[in-house]
Amino acid sequence: QAQLVESGGGLVQAGGSLRLSCAVSELTFNTMGWFRQALGKEREFVAAISWIGNNQIYADAVKGRFTISRDITKNTVYLQMNSLKPEDTAAYYCATTFSISDRAMSSTYDYWGQGTQVTVSS
């Protein structure tokens, strides 16, 4: 069973930047995604990337501010978050799936990390 370990969360002021990382123990997936869940809200899609083709998709709320990338030599995916807003405050989770479709749906994903907290102060 693949293990995912996120890092890079923290407290940042509005307008600032953070980079999240997610290291995967086994290369047994085609897609890696980032989701987030704010307190009292449902988990929502942030971004996803296809491991082979490097095809990226983003939620409208983060498009133009966040960038997902991967390092295939390290089995690691990154989420660069710029121009952060207080509404970006949430626990961020990475996840993997064999699927190359429905990448914005959390039900598509098989393995999840433990989450890393991002807090953006106003």
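Up top you'll find the structure we're talking about.
Let us look at the structure shown here. Here the structure is a predicted model, which is why all the values come from computation and not from measurement.

1. Brief notes about the packing of aromatic side chains
- Tallying each qualifying case throughout the model produces 5 aromatic pairs.
- Ring plane angle 70° and centroid distance 5.6 Å describe the contact between Phe35 and Phe45, whose orientation is recorded as edge-to-face. Of the two residues, Phe35 is situated in strand E4 (residues 31–37) and Phe45 in strand E5 (residues 44–50); the sequence distance between them amounts to 10 residues.
- Overall, Phe45 belongs to the buried group, its relative accessible area being 13%.
- With a centroid separation of 5.1 Å and an interplanar angle of 80°, the aromatic rings of Phe35 and Tyr109 are classed as edge-to-face. Placement of Phe35 in strand E4 and of Tyr109 in the loop between strand E9 (90–97) and strand E10 (111–112) is noted, with a sequence separation of 74 residues between them.
- Residue classification places Phe35 among the buried residues on the basis of a relative accessible area of 1%.
- Accessibility expressed as a relative area gives 6% for Tyr109, which makes it buried.
- A cation over an aromatic ring shows up here: Arg43 above the ring of Tyr93, its NZ or CZ 4.1 Å from the ring centre.
- Between the NZ or CZ atom of Arg43 and the centre of the ring of Trp112, over which it lies, the distance is 4.6 Å.

2. A word on the sheet that holds strand E8 (residues 76–81)
- The strand order across the open sheet built from 4 strands is E1-E3-E8-E7, with neighbouring strands paired in antiparallel fashion. The sheet is open, and its two edges are formed by strand E1 (4–7) and strand E7 (66–71), each paired on a single side. Within the sheet, the average angular offset between the axes of one strand and its neighbour, ignoring direction, is 15°.
- When strand E3 (residues 18–24) meets E8, the two strands line up antiparallel, connected through 6 bridges. For Ala23, the partnering residue across the bridge sits in E8 and is Thr76.

Reading the values: rules and limits
Residues numbered from 1 in each chain as written. Predicted model: local features only at pLDDT ≥ 70, side-chain atom pairs only at ≥ 80, totals over all residues. Heavy atoms only, no water. Phe/Tyr/Trp six-rings, centres within 6.5 Å; stacked < 30°, edge-to-face > 60°. Helix = DSSP H or I, 4+ residues; strand = E, 2+ residues; numbered from the N terminus. Buried < 20%, exposed > 50% of the residue type's maximum accessible area, 1.4 Å probe, protein only. Lys NZ or Arg CZ within 6 Å of the ring centre and 35° of its normal. Pairing = 2+ DSSP bridges. Axes fitted to C-alpha atoms, helices over the stretch in contact; angles between N-to-C directions.

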